[in-house]
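An overview of the molecular structure
Spelled out from the first residue to the last, the chains are:
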Amino acid sequence: GGMHYSEYYESAVEYAYKSGIAIVCSAGNSGSSSAVYPAAYTGAISVASTNKVNERSTFSNYGISVRYGAPGDGVYAPYNGTYSSVSGTSFAAPVISGMIADILSSGKVSGTGAGRVNSILSMLDKSCSGSSIGTGKGVPDLALALGLDTNSATPSVPKASLASGTYTEEDLTVELATDNSGSNREDIIFYSDNGLPVTFSGGVLSFGAKRYDNTEK
């Protein structure tokens, strides 16, 4: 990006927006409120960089064109053929791009053309938190944007009696195996979250079966 405005490029961004294509751009790294293109074009989604406490990174541009903030300060990412701790709004913008891709694939987006982009932005806007000067609406939370919470995002193990057997609650299948050998009885719970039943045959668990650690909270 740069400071040079182009009517031709702005019309291209606006055409993409009206066609239902989300154009995500980095806000720039000069630490100023100066307009940087293509992020400042009408229809573009400008992303500033935030640090570990969701505040604008000192190097990140800011201003009225910025829509969101996203992690871009000291992130671990591919760089020059390896992985390194890097900083820049160029690393923040892909975070928002990934969120938009997930929202599109969720099937929860309505509308066509510009309305489709606006539907995505509305979902992200409602999920934002940690807004500080220069980060626009703030930092989106993808789980909240998709209507998820910690209970629905992480499968819980349904309650079962101590009798050995297979138990199903909603989409979660549990196999409870009780070892009665010796004086110390151990209740071992296996579960799956892939919709397949849990089986144990010949010392081999079925595909996708997981052992539940009752020390987890």
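Residues numbered from 1 in each chain as written. Predicted model: local features only at pLDDT ≥ 70, side-chain atom pairs only at ≥ 80, totals over all residues. Heavy atoms only, no water.

When pLDDT is averaged along the chain, the result is 82; 75% of the residues meet or exceed 70. Every residue in residues 179-185 scores below 50 in pLDDT, and together they form six contacts with partners more than four places removed in sequence or on other chains. (pLDDT = per-residue confidence, 0-100. Contact = heavy atoms within 4.5 Å.)

The next subject is helix 3 (residues 114-127). Across its 14 residues, helix 3 extends 20 Å between first and last C-alpha, which sits within 8% of the 20 Å expected from 1.5 Å per residue. All of the buried residues in helix 3 are Val117, Ser119, Ile120, Leu121, Met123, Leu124 and Ser127. (Helix = DSSP H or I, 4+ residues; strand = E, 2+ residues; numbered from the N terminus. Expected span 1.5 Å × (residues − 1). Buried < 20%, exposed > 50% of the residue type's maximum accessible area, 1.4 Å probe, protein only.)

We now examine the environment of Ser49. Position of Ser49 relative to the elements: it lies in strand 2 (residues 44-50). Judged by its relative accessible area of 0%, Ser49 falls in the buried class. Here Ser57 takes part through its side chain, which lies 2.8 Å from a polar atom of the side chain of Ser49. In this structure the side chain of Ser49 is engaged in a polar contact, spanning 3.4 Å, whose partner is the backbone oxygen of Gly72. (Polar contact = N/O pair within 3.5 Å; in protein donor to acceptor, adjacent residues only side chain to side chain.)

What follows is about the side chain of Ser119. Its location among the elements puts Ser119 in helix 3. Contact partners of Ser119, with chain neighbours within four places excluded, come to Val109 and Ser110.

Another aspect to go through is the packing of helix 2 (residues 89-105) against helix 3. The geometry of helix 2 relative to helix 3 is characterised by a closest axis approach of 11 Å and an angle of 110 degrees between their N-to-C directions. When the axes of helix 2 and helix 3 are compared, the pair comes out roughly perpendicular. The hand of the helix 2/helix 3 crossing is right-handed. Together, Met99, Ile100, Ile103 and Leu104 of helix 2 and Arg116, Ile120, Met123 and Leu124 of helix 3 make up the contact between the two elements. Looking at the contact of helix 2 with helix 3 residue by residue, the classes come out as seven nonpolar, no polar and one charged. (Axes fitted to C-alpha atoms, helices over the stretch in contact; angles between N-to-C directions. Parallel < 35°, antiparallel > 145°, perpendicular 65-115°, else oblique. Left-handed = near helix turned anticlockwise from the far one by under 90°. Nonpolar A, V, L, I, M, F, W, Y, C, P; charged D, E, K, R; others polar.)

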